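Commentary on secondary and tertiary structure
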Amino acid sequence: MGQQQLLTGSYHPNDCQFLLQEAEGIELLTVAEKEQRLQAGTHYSQMVSIEQAPTRAYLDIFYKLTAKYKTRLATEIFQLAKLLQQAIGSSITLVSLARAGTPIGILLKRALSALGDISVQHYSISIIRGKGIDEAALSYLQSIGVKAESIVFVDGWTAKGAITRELKQAIKTWNRKNPDYKLSDKLCVVSDIGYTAHYVATHDDYVIPSGILNSTVSGLVSRTIRDPNVVGFHQCVTYHNLQSHDLSNWFIEEVASEITRLDPSTVQIATMLSQQIQAQQHQVILSYLTQIMKAQGIKDINKVKPGIAEATRVMLRRIPDLLILNNKNQEDVEHLLLLAAEKQVRVVVDPAMPFNALALIKDLTRSES
């Protein structure tokens, strides 16, 4: 497989190249249609939703949170860049997990470039819970001469750790089949509320602003699709109809401008927790989720989405049943309250919750019985 024209979405090719291919003739579903098919047994990787432009009120919150957190995010990105430089060296290939990882990968590329004397590339590829990573994309990287030891996988955040586990299993499978091109399964994220990633800037559940919008902050690219009958990369849809609402590059430049203001000598390298502490904290998270599932009569942990970013995804892209907040009055959950009001979703407060938000997906089968 030689060099080929790659998708870039609405991003500049220097920022990101997606190892994805455009899906042909796929039906765009409403949230309700998608939810019904999901709960009837269709895998989410075989469907893609219609996306709407965000409302003015919601955008106002996005702008406000970007202004509030762009300096913090820039600093944490820079801390991760220094950690990656120390761990991997002067040649780094960022492989972000589309699509939440894509903006973070771009910002990491900017930060690594700002450190100087580092050769850095950035690609974005598909990984799907229950289906694994896009091996055609990994084969492509090998075919163009990307050194295996230069590759690090990047995402925006962790929640329960499902994607971390998927990545570890997928890379274990890949390495077994490709002993001459062994990859590291270490995941790099900004916010690791699930305590499952390796390179981490924070464990705080705060608003990474790119996590509260959909394609309009992710290069107009949809979540990834896996049609087993299609050869090559996993697929996606580009939402060209939302071009006038696209904030992907605006968001990158807002945070990147903060990165350029940082003095590398004053930014501390991201610190890493011991495996023992991570395991203990992960158990705290799982214990709380078990309590919630028992209290709400939920048998499928995939219907429980902890953390602000994951709760936002439920409110935007699924049919939510309940929103639980640690504190209703903090600015970080203002957008969730707006979405809950719009969708008439019940909101409860639990100050004992170990993160700031959690959303439950409505069980359509249970409500119909």
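Below is a short write-up of the structure. Bear in mind that the values here come from a model prediction, so they are computed numbers and not experimental data. (Residues numbered from 1 in each chain as written. Predicted model: local features only at pLDDT ≥ 70, side-chain atom pairs only at ≥ 80, totals over all residues. Heavy atoms only, no water.)

Describing the overall build of the chain
Note the threshold: Comment: elements are numbered from the N terminus, with helices defined as DSSP H or I runs of at least four residues and strands as E runs of at least two. For the radius of gyration, the atom set is restricted to C-alpha positions; the globular benchmark scales as 2.2 Å times the number of residues to the power 0.38. The rule is simple: take the accessible area with a 1.4 Å probe, protein chains only, and divide by the maximum for that residue type; under 20% is buried, over 50% is exposed, in between is partly exposed. Residues are treated as being in contact if the distance between any of their heavy atoms lies within 4.5 Å. Only the protein chains shown count as covering a residue, and every accessible area follows the Shrake-Rupley method with a 1.4 Å probe.
The secondary structure content of the chain amounts to 10 helices and 17 strands. Its C-alpha radius of gyration of 20 Å places the chain within 12% of the 21 Å reference for a compact globule of 369 residues. Dimensions of the chain, computed from the C-alpha atoms along their principal axes, are close to 55 × 50 × 45 Å. Relative to its 369 residues, the chain shows a buried fraction of 53%. The contacts in the chain between residues at least 6 apart in sequence include a share of 78% that link residues at least 24 apart. Summing over all exposed atoms, the chain offers an accessible surface of approximately 15900 Å²; the carbon and sulfur share of this is 47%.

Notes on the pattern of salt bridges
Oppositely charged side chains are able to pair whenever their charged atoms sit close together. Keep this limit in mind: One speaks of a salt bridge when a side-chain nitrogen belonging to Lys or Arg is within 4 Å of a carboxyl oxygen belonging to Asp or Glu.
Tallied over the entire structure, the rule returns 19 salt bridges. Residues Glu331 and Lys64 are paired through a salt bridge, measuring 3.7 Å at the closest nitrogen-oxygen approach. Here Lys64 lies in helix H2 (residues 56-88) and Glu331 lies in the loop between strand E15 (320-325) and helix H9 (334-343), a separation of 267 residues in the sequence. Taking relative accessible area as the criterion, Glu331 reaches 29% and is therefore assigned partly exposed. Judged by relative accessible area, Lys64 falls into the partly exposed class, the value being 34%. For Lys303, the salt bridge goes to Asp300, with nearest N and O atoms at 3.6 Å. Owing to a relative accessible area of 16%, Lys303 belongs among the buried residues under this scheme. Overall, the relative accessible area of 31% leaves Asp300 in the partly exposed class.

A short note on the packing of aromatic side chains
Selection rule: What counts as a ring pair is set by centres within 6.5 Å for rings of Phe, Tyr and Trp (its six-membered ring), and what kind of pair is set by the plane angle: stacked under 30 degrees, edge-to-face over 60, tilted for all other angles. Here, a charge over a ring means that NZ of Lys or CZ of Arg falls within 6 Å of the ring centre while also lying within 35 degrees of the ring normal.
Summed over all chains, the structure comprises nine aromatic pairs. Taking the centre distance of 6.3 Å and the plane angle of 45° together, the rings of Phe62 and Phe251 count as tilted. Here Phe62, found in helix H2, pairs with Phe251, found in helix H6 (residues 248-261); they are 189 residues apart in sequence, far enough to count as distant. Note on Phe62: relative accessible area 0%, which makes it buried. A connected cluster of aromatic rings, assembled from ring pairs, spans Phe62, Tyr63, Trp250 and Phe251. Sitting over the face of the ring of Tyr206, Arg72 holds its NZ or CZ atom 3.8 Å from the ring centroid.

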